[in-house]
Amino acid sequence: MKIKSFVDTISLSGRLTSGLALFSLCVLGFLFLGVHFAIKDNLEEKQSLHLQSAVSAIKHLIESPKNHQTSLSILHDLEDLVHGDRDVHLKLIEESGGILYISKPSAWPQGARTIELPLPEERRIASYSTVVIALDTSEDQALIAKFSAILLAATLVGCSTIGLGGFVIVRQGLYPVRSLAEQTRQLATLAIGERLNTQGIPDELVLLVDQFNDLLSRLEKAYLQLESFNANVAHELRTPLAVMTANCELALRGSDTADQLREYIGSNLEDLQSLSGIISDMLFLSHADRGEKARRLPIASLSTLCSEVVEYYEAVFLEAGLNCIIQGDASGSFDGALLRRAVSNLLNNAVRHAQSKSVIEINIKSDKEGGAHISVINIGAPIPEESLPHIFDRFYRIDTSRISSSQNHGLGLAIVSAIARMHGGDTTASCANGATTIGIYVRSGA
Ligand SMILES: Nc1ncnc2c1ncn2[C@@H]1O[C@H](COP(=O)(O)OP(=O)(O)O)[C@@H](O)[C@H]1O
Ligand SMILES: [Mg+2]
C-alpha cells in the first residue's frame, strides 16, 4: 500500500525514465550474463581438452614400461613432457602417501583442475602408485574476471546513459502536456467561450483536448441556460409582483368601494396562483434535473388515460367548437400521473393553437421495445422553422404578445420534455401540411 502511494507521487517523466532504466538494466544484465557464461564455458572446454591431452600423453608414457626400466628414466621422460607445457604440473605420490616427485615445486597451482591416475599393480614402477596431473587455470580465471568487470561496467554505464537520455527525451516529449496545463491554467482567467488550442499538440492528445473542449462547450451551454433561466424567473416573477404591489397601493388609498377592493384582492389572488404555478413547475423541473425517475405501474390502455384528460378539456373543446379523436392504443409500465400531465400540457397547447371547428387528434403507437409514442396533432398556424428546436426550452414562447399571460409561462413543453426524460424517452415536434404534431416518447420499464 505504501509502495503504491509512493509510486503514485512520482512524476510521469520519473516513471517513464525509471521504467526505461530498469528495462535496459534487465536487457543488458541478461546480455552480460550470457556473454559471461559463454566465455566461461568456452575456456573450461579448452581447459578440459588441454588436461585430457596431457593425461593421454602421460598415460601413454607410463603404460609402456618396456622402454622405461627404471623410475629414473620415467621421471626424466615425464619431466621432459611437463617442461614443454607451462600450464601442466605433475606429482608422483608413493604408496605410503609421500610425494616422490613434484614438477615446478615452487609453482604448484592452487585451486587448479587436477586428475589422479592410480597405477595398476603390474604397471607400478619403483614405489609410486598415483600420478596427479594439474592444469593451472589462473590465467583463464583472471581473463574471466577482467571480462566480467568490463561487462559489468558497460552494463551500468549503458543503463545510466539510457536513463539519462530517456529522461531528456521524455521531458522533451511531455512538453505539449506542460503547455496544455499552462493553457488550462490560463482558461480560468479567460472568457467562458475560450477553448484549448490543438495546434502543435500530438495526435494522441488531440482526442483528449477535443473531449475537454466539448465538455467546456457543454458547460458553457449549461451556464448560459442557467443564466437565462435566472433572468427568465426574475422576469416572470417581477410582473405579477408589480401588479400585486400596485393593487395593494390602490387599496391602501382608502377611497375605494368594497367592490373595487374585492377586485384588487381577486386580481392579487390570480397573480398569486400564477406565481405558485410557476414555482411548483420549477420545483418539478429541478427534481427531474436531479435525476428523479418515473414511478412506474402497469397501465393497460394509454387510450383510456388520454380520454380521461380529454374529458377534463370537454368544456374548452365545446367553447372553441373543437373535436378530439384518439387513434391507436398501447400498454406498458408508466407513471400514469406524469403521463396525464404531459398529455394535458400538449392538449392545452393544441387547443390554444388549433383552428376553430377543427379536429385535434391524439395518436398512440407502441414500438417493438415496449415504448409508446403519444402525439397530439392540431390544424393551425405552423411553428416557425427557427423556433422548432427551442419550444421545449424553459420559458420559451413564440408569441411574445402572450408574455403577460398569467397562465402560459413557457414551461408547459419543458415539463413534457422532463417527463419524457424521467421515462428514459424523448420528445418530437414537426409541422407539415398545416398540421402541428408535438409528441412524447416514453419507454416502458420494470
Ligand atoms: N400546437 C402548437 N402549435 C403552435 N405552437 C405551439 C404549439 N404547442 C406549443 N407551441 C409553441 O411553443 C411555445 C412553448 O410552449 P409551452 O412550453 O407549452 O409554453 P406556453 O404554453 O406556456 O406558452 C408556445 O409559446 C407556443 O407558441
Ligand atoms: Mg403550454
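Cut-off values and rules
Residues numbered from 1 in each chain as written. Chains lettered and ligands numbered in written order. Predicted model: local features only at pLDDT ≥ 70, side-chain atom pairs only at ≥ 80, totals over all residues. Heavy atoms only, no water. Helix = DSSP H or I, 4+ residues; strand = E, 2+ residues; numbered from the N terminus. Rg over C-alpha atoms; globule rule 2.2 N^0.38 Å. Buried < 20%, exposed > 50% of the residue type's maximum accessible area, 1.4 Å probe, protein only. Contact = heavy atoms within 4.5 Å. Areas by Shrake-Rupley, 256 points an atom, 1.4 Å probe, with all protein chains shown as cover. Lys, Arg positive; Asp, Glu negative; His and termini not counted. Charge placed at Lys NZ, Arg CZ, Asp CG, Glu CD. Expected span 1.5 Å × (residues − 1). Polar contact = N/O pair within 3.5 Å; in protein donor to acceptor, adjacent residues only side chain to side chain. Core = buried A, V, L, I, M, F, W, Y, C linked by side-chain atoms within 4.5 Å. Phe/Tyr/Trp six-rings, centres within 6.5 Å; stacked < 30°, edge-to-face > 60°. Lys NZ or Arg CZ within 6 Å of the ring centre and 35° of its normal. Near = heavy atom within 4 Å. Nonpolar A, V, L, I, M, F, W, Y, C, P; charged D, E, K, R; others polar. Pairing = 2+ DSSP bridges. Axes fitted to C-alpha atoms, helices over the stretch in contact; angles between N-to-C directions. Parallel < 35°, antiparallel > 145°, perpendicular 65-115°, else oblique. Left-handed = near helix turned anticlockwise from the far one by under 90°.

Draft legend 1. Seen up close, the overall build of the chain. Scanning the chain from N- to C-terminus turns up 11 helices and 11 strands. Relative to a compact globule of 446 residues, whose C-alpha radius of gyration would be 22 Å, the chain shows 51 Å and is clearly more extended. Within the chain, the proportion of its 446 residues that are buried is 35%. The long-range fraction of contacts in the chain, counting pairs at least 24 apart against all pairs at least 6 apart in sequence, stands at 67%. Total accessible area on the chain is roughly 27,200 Å²; 59% of this is exposed by carbon and sulfur atoms. For the chain, the centre of its 38 positive side-chain charges and the centre of its 50 negative side-chain charges are spaced 2 Å apart.

Draft legend 2. Structural detail: helix α10 (residues 336-353). The end-to-end C-alpha distance of α10 is 26 Å, a good match for the 26 Å that 18 residues give at a rise of 1.5 Å each. For α10, the side-chain oxygen to backbone nitrogen distance between the N-cap and Ala337 is 3.3 Å, and the N-cap itself is Asp335.

Draft legend 3. Seen up close, the side chain of His36. With respect to the helices and strands, the residue His36 is situated in helix α2 (residues 12-62). With a relative accessible area of 18%, His36 lands in the buried category. Within the structure, His36 has its side chain in polar contact with the side chain of Ser148 (distance 2.8 Å).

Draft legend 4. A look at the nonpolar core. Judged by nonpolar contacts, the single largest core of 51 residues is most densely connected at Leu302, Phe317, Leu347, Ile360, Ile362, Ile374 and Ile440. For this core, the secondary-structure elements that each account for two or more residues are α6 (203-252), α7 (258-289), α8 (302-312), α10, β8 (359-366), β9 (372-379), α11 (412-422) and β11 (435-442). Ranked by size, the runner-up nonpolar core spans 19 residues in total, among them Val55, Leu78, Val131 and Ile133.

Draft legend 5. A look at the packing of aromatic side chains. Here the structure, examined in full by the defined rule, presents 3 aromatic pairs. Here the aromatic rings of Phe229 and Phe395 are separated by 5.5 Å at their centres, their planes lie at 45°, and the arrangement is tilted. Linking Phe229 in helix α6 with Phe395 in the loop between β9 and α11, this pair joins segments that are 166 residues apart in sequence. Just as Phe229 is buried, Phe395 falls in that class too. Both rings, one in Tyr313 and one in Phe317, keep their centres 6.4 Å apart while their planes meet at 45°; by these two values the pair is tilted. Above the face of the Phe284 ring, Arg341 is positioned so that its terminal group lies 4.6 Å from the ring centre.

Draft legend 6. Looking closely at the site of ligand 1. Neighbouring ligand 1 are 17 residues, the closest being Asn349, Arg352, Asn378, Gly410 and Leu413. A distance of 2.8 Å is found between an oxygen atom of ligand 1 and a side-chain nitrogen or oxygen belonging to Asn349. Against a free-state accessible area of 530 Å², the protein chains account for coverage of 94% of ligand 1. Among the secondary structure elements, those contributing two or more residues to the shell around ligand 1 are α10, α11 and β11. In terms of residue count, α10 provides more of the shell around ligand 1 than any other element does, 3 residues in total. Here the shell around ligand 1 is composed, by residue class, of 7 nonpolar, 8 polar and 2 charged.

Draft legend 7. Seen up close, the sheet that holds β11. Ordered in space as β6-β8-β9-β11-β10, the 5 strands form an open sheet in which the pairing is mixed. The sheet is open, and its two borders are formed by β6 (323-327) and β10 (426-432), each paired with just one other strand. Taking the axes of each pair of neighbouring strands and ignoring which way they run, one obtains an average angle of 15° across the sheet. Alignment of β6 against β8, held across 5 bridges, turns out to be parallel. Residue pairing in the sheet places Cys324 in a bridge with Ile360 of β8.

Draft legend 8. Spatial organisation of the packing of α6 against α7. At a closest axis distance of 9 Å, the pairing of α6 and α7 adopts a crossing angle of 165°. One element, α6, and the other, α7, form an angle in the roughly antiparallel class. In this structure, α6 meets α7 at a crossing whose hand is left-handed. Facing α6, whose interface residues are Phe229, Val233, Glu236, Leu237, Pro240, Leu241, Val243, Met244, Asn247, Cys248, Leu250 and Ala251, α7 presents Leu261, Tyr264, Ser267, Asn268, Asp271, Leu272, Leu275, Ile278 and Met282. For the contact of α6 with α7, the class distribution of residues is 16 nonpolar, 3 polar and 2 charged.

Draft legend 9. Broad picture of the pairing of β11. Among the 8 residues that make up β11, 7 are buried, leaving the element largely enclosed by the rest of the structure. Pairing geometry for β9 and β11, over 8 bridges, is antiparallel. Considered in β11, the bridge of Ile379 is made with Ala435. One ladder, built from 7 bridges, connects β10 with β11; its direction is antiparallel. Counterpart to Ala429 in the pairing with β11 is Ile438. Between β10 and the antiparallel strand that follows it, β11, lie 2 residues; Asn433 among them carries a positive phi value of about 50°.

Draft legend 10. Representation of the packing of α8 against α10 in the model. One can describe the packing of α8 onto α10 by two numbers: an axis separation of 9 Å at closest approach and a directional angle of 55°. Relative to α10, the element α8 is oriented oblique. In the packing of α8 onto α10, the handedness of the crossing is right-handed. The residues of α10 that touch α8, namely those facing Leu302, Leu305, Cys306, Glu308, Val309 and Val310, are Gly336, Leu339, Arg340, Val343, Ser344 and Leu347. Of the residues assigned to the contact of α8 with α10, the class counts are 8 nonpolar, 2 polar and 2 charged.

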